[in-house]
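Next come the chains, spelled out residue by residue.
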Number of protein chains: 2
Amino acid sequence: MTYCCGILVRDGIVIIADTRTNAGLDNISTFRKLHLFEEPGKRVMALASAGNLSVAQSVVSLLSEGIENPETGELERLTDAPTMFQAAQRVGRALRIVHDSDAKALEEADISFDVSFLLAGQVEGRRLRLFMIYAAGNFIECTTDTPFLQIGEHKYGKPILDRAVNYDTDLYDALKINLISMDSTIRSNLAVGLPIDIAVIRRDALGIELNYRIMPGEPYFTDLRERWSAALRAAHIAIPRPPYATRPVESFAPEGVDTVLPRAGALANAAGAQLTAGQPAAKILQQQKPKR
Amino acid sequence: MTYCCGILVRDGIVIIADTRTNAGLDNISTFRKLHLFEEPGKRVMALASAGNLSVAQSVVSLLSEGIENPETGELERLTDAPTMFQAAQRVGRALRIVHDSDAKALEEADISFDVSFLLAGQVEGRRLRLFMIYAAGNFIECTTDTPFLQIGEHKYGKPILDRAVNYDTDLYDALKINLISMDSTIRSNLAVGLPIDIAVIRRDALGIELNYRIMPGEPYFTDLRERWSAALRAAHIAIPRPPYATRPVESFAPEGVDTVLPRAGALANAAGAQLTAGQPAAKILQQQKPKR
């Protein structure tokens, strides 16, 4: 499993990825899944992958070596794409090439062709963009309404993003929230783990502003995890207990059962049992064996 | 979708379930998924379902009408099971009966036989127990190590449970935390929604202590949601921003690419692109079209 999340705010993009891979629970390794590229002042790109590692690495290798443009015959690499849109298209094309070559064999081995990518970046003179590319090679772009995209094990870490992130969030606050999201994921899914790779791309800077790997025991992230835990504990303790008063227990049985005609066979086992909420015991005692 | 969660603490069990069902996003309804049964002083049971509603309801109907014991020929209902273990077995048997009758037709309609149950309760003279029954009819029991079980859309609401619940948590604190977990799920998945059904079963009370439905706009739950949001906001704001300093950007390309022998064809498109982290531009310019 993997968790990668990109957040797009007014000032730039923060993208983070864990590094854990597993082939079964007894075969866990560390692989870098966040790939960075910069040609300072010209272009900057970050590509993160989730899913089948062999597929993801093949896509990255293809994108590095170049894939042939079916129309021009030219070899096109991710990093020389003239726009981010075309860069995302190239990721999709590479995915389809790997799909054509590997998917059938994977399927025969009962392995699904399961991979997705986040692609963030900016080309000189164009805007900063964040894409998510699906296994089929199609893709969506992050917009300001929901200014983040996630791949991999995304659910555990989504609640904090839903609550805390918007397009006007400060760039390094976005990094902090992204790390909280990663922490929630790591706590709930063993297959997501440290080290964590981080990249910060400031809008119009055309370079990687921050490239960092959080190793286990790293002081800031350790402190963040402890503070977050303590704050959550304090938060739920500060909420009053529910004041609810009970109601009579409702019927256990769906209404339909109640309308079945009586028959003798069912009586033996019904003794002592009673459905509540106005369903008299006598009625229950009349319930029959279902016709199937 | 559905979210149901049962928490087992020293003083009892809290079980909650949402009521939203959907057949496509454009067909959303409210159905009770938490079924309660009590024979005060004798036995108490709560059964919650997630997954295909027709399958879940059929199982509940079967359990109410009674299923034939293959050995004795007697008709056995959930509510007259002599122990909670046998009650869980009966849920499993009912599931298998519905599977035998419906799974093939569902499969032909491309609908998976997807359902699971939480079963909580206590029979006089025996201990309070909480089970999760899978679609195959097998089941697990909640233990004190991880004192909760979830069915349905479980991931969004799991982080708070992982952090906040243990076996010694107060019964109504467990209800509160369960509601926070539900809130996180509702916020992140439209297919989980109010009303929320709640049951509290105190250990050895052999009755439902609290049976309550939270309707939209209900003051306590509304206040809980607002307090929790505000506390999370305060919590992440209180954490300092990351102090990280950048490292040089690492190679975009996997090492393997670097070792490919040069060939002429790839040169055209490589102009202007540059992989970083010590990989000289000259090397990149030598990268060739991959052999596939």
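Now for a description of the structure that goes with this document. (Residues numbered from 1 in each chain as written. Chains lettered and ligands numbered in written order. Predicted model: local features only at pLDDT ≥ 70, side-chain atom pairs only at ≥ 80, totals over all residues. Heavy atoms only, no water.)

### Brief notes about the sheet that holds strand β14 (residues 210-214) of chain B
Residue and element names in this part refer to chain B.
Piece 1. Taken in spatial order, the five strands line up as β12-β1-β2-β13-β14 in an open sheet, and their pairing is antiparallel. Of all strands in the sheet, those with a lone pairing partner are β12 (148-152) and β14, marking the two edges. In this sheet, neighbouring strand axes are inclined to one another by 10° on average, regardless of whether the strands run parallel or antiparallel.
Piece 2. Examined bridge by bridge, strand β1 (residues 3-9) and strand β2 (residues 12-18) share six bridges and lie antiparallel to one another. For Gly 6, the partnering residue across the bridge sits in β2 and is Ile 15.
Piece 3. With respect to the sheet, helix α4 (residues 171-188) is in contact with β1, β2, β13 (196-202) and β14, its orientation differing from that of β2 by roughly 20°. (Pairing = 2+ DSSP bridges. Helix = DSSP H or I, 4+ residues; strand = E, 2+ residues; numbered from the N terminus. Axes fitted to C-alpha atoms, helices over the stretch in contact; angles between N-to-C directions. Contact = heavy atoms within 4.5 Å.)

### With respect to α4(B)
Piece 1. When the terminal C-alpha atoms of α4(B) are compared, their 26 Å separation across 18 residues agrees well with the 26 Å that a helix rising 1.5 Å per residue should span.
Piece 2. Among the 18 residues in α4(B), 17 count as buried, and that is most of the element. (Expected span 1.5 Å × (residues − 1). Buried < 20%, exposed > 50% of the residue type's maximum accessible area, 1.4 Å probe, protein only.)

### Quick look at the pairing of strand β10 (residues 129-133) of chain A
All names here are of chain A.
Piece 1. Along β10, five of the five residues are buried, which leaves the element largely enclosed by surrounding structure.
Piece 2. Here β10 shows a buried face lined by Arg 129, Phe 131 and Ile 133 and a second buried face lined by Leu 130 and Met 132.
Piece 3. In the sheet, strand β9 (residues 115-123) pairs with β10 via five bridges, with the strands oriented antiparallel. In the sheet register, Leu 118 faces β10, and the bridge partner there is Met 132.
Piece 4. In textbook terms, the turn of a hairpin is the stretch between consecutive antiparallel strands, and for β9 and β10 this stretch comprises five residues, one of which, Gly 125, has a positive phi near 85°.
Piece 5. Between β10 and strand β11 (residues 139-141), which pair antiparallel and follow one another directly, the connecting turn spans five residues, one of which, Gly 137, has a positive phi of 95°.

### Looking at the packing of helix α1 (residues 53-65) of chain B against helix α2 (residues 84-108) of chain B
All names here are of chain B.
Piece 1. The N-to-C vectors of α1 and α2 enclose an angle of 135°; their axes lie 9 Å apart at closest approach. The orientation of α1 relative to α2 falls into the category oblique. When the axes of α1 and α2 are compared, the crossing they make is right-handed. Only Arg 90, Val 91, Ala 94, Leu 95, Ile 97, Val 98 and Leu 106 of α2 make contact with α1, whose side of the interface consists of Val 55, Ser 58, Val 59, Leu 62 and Leu 63.
Piece 2. For the contact of α1 with α2, the residue count by class is 10 nonpolar, one polar and one charged. (Parallel < 35°, antiparallel > 145°, perpendicular 65-115°, else oblique. Left-handed = near helix turned anticlockwise from the far one by under 90°. Nonpolar A, V, L, I, M, F, W, Y, C, P; charged D, E, K, R; others polar.)

### Observations concerning the pattern of salt bridges
Residue and element names in this part refer to chain A.
Piece 1. The tally for this structure, following the rule as stated, stands at 44 salt bridges over all chains.
Piece 2. The closest approach of N and O atoms between Arg 32 and Asp 197, which form a salt bridge, is 3.0 Å. One end of the pair, Arg 32, is in the loop between β4 (28-30) and β5 (34-39); the other, Asp 197, is in strand β13 (residues 196-202), with 165 residues separating them in the sequence.
Piece 3. Exposure remark for Arg 32: the relative accessible area of 18% places this residue in the buried category.
Piece 4. Across the pair Lys 158 and Asp 162 runs a salt bridge whose closest N-O atoms are separated by 3.1 Å. Taken as a pair, Lys 158 and Asp 162 lie in helix α3 (residues 158-164) at a separation of four residues, close to a single helical turn.
Piece 5. Here Asp 162 falls in the partly exposed class, since its relative accessible area comes to 30%.
Piece 6. Via salt bridges that share partners, Glu 76, Asp 80, Arg 90 and Arg 93 belong to a single interconnected network. (Salt bridge = Lys/Arg side-chain N within 4 Å of Asp/Glu carboxyl O.)

### A short note on the sheet that holds β13(A)
Residue and element names in this part refer to chain A.
Piece 1. Read from one edge to the other, the open sheet built from five strands follows the order β12-β1-β2-β13-β14, with strand pairing classed as antiparallel. The open sheet has two edge strands with one neighbour each: β12 (148-152) and β14 (210-214). For this sheet the average axis-to-axis angle between neighbouring strands, irrespective of direction, equals 10°.

This is a description of form; function is not addressed.
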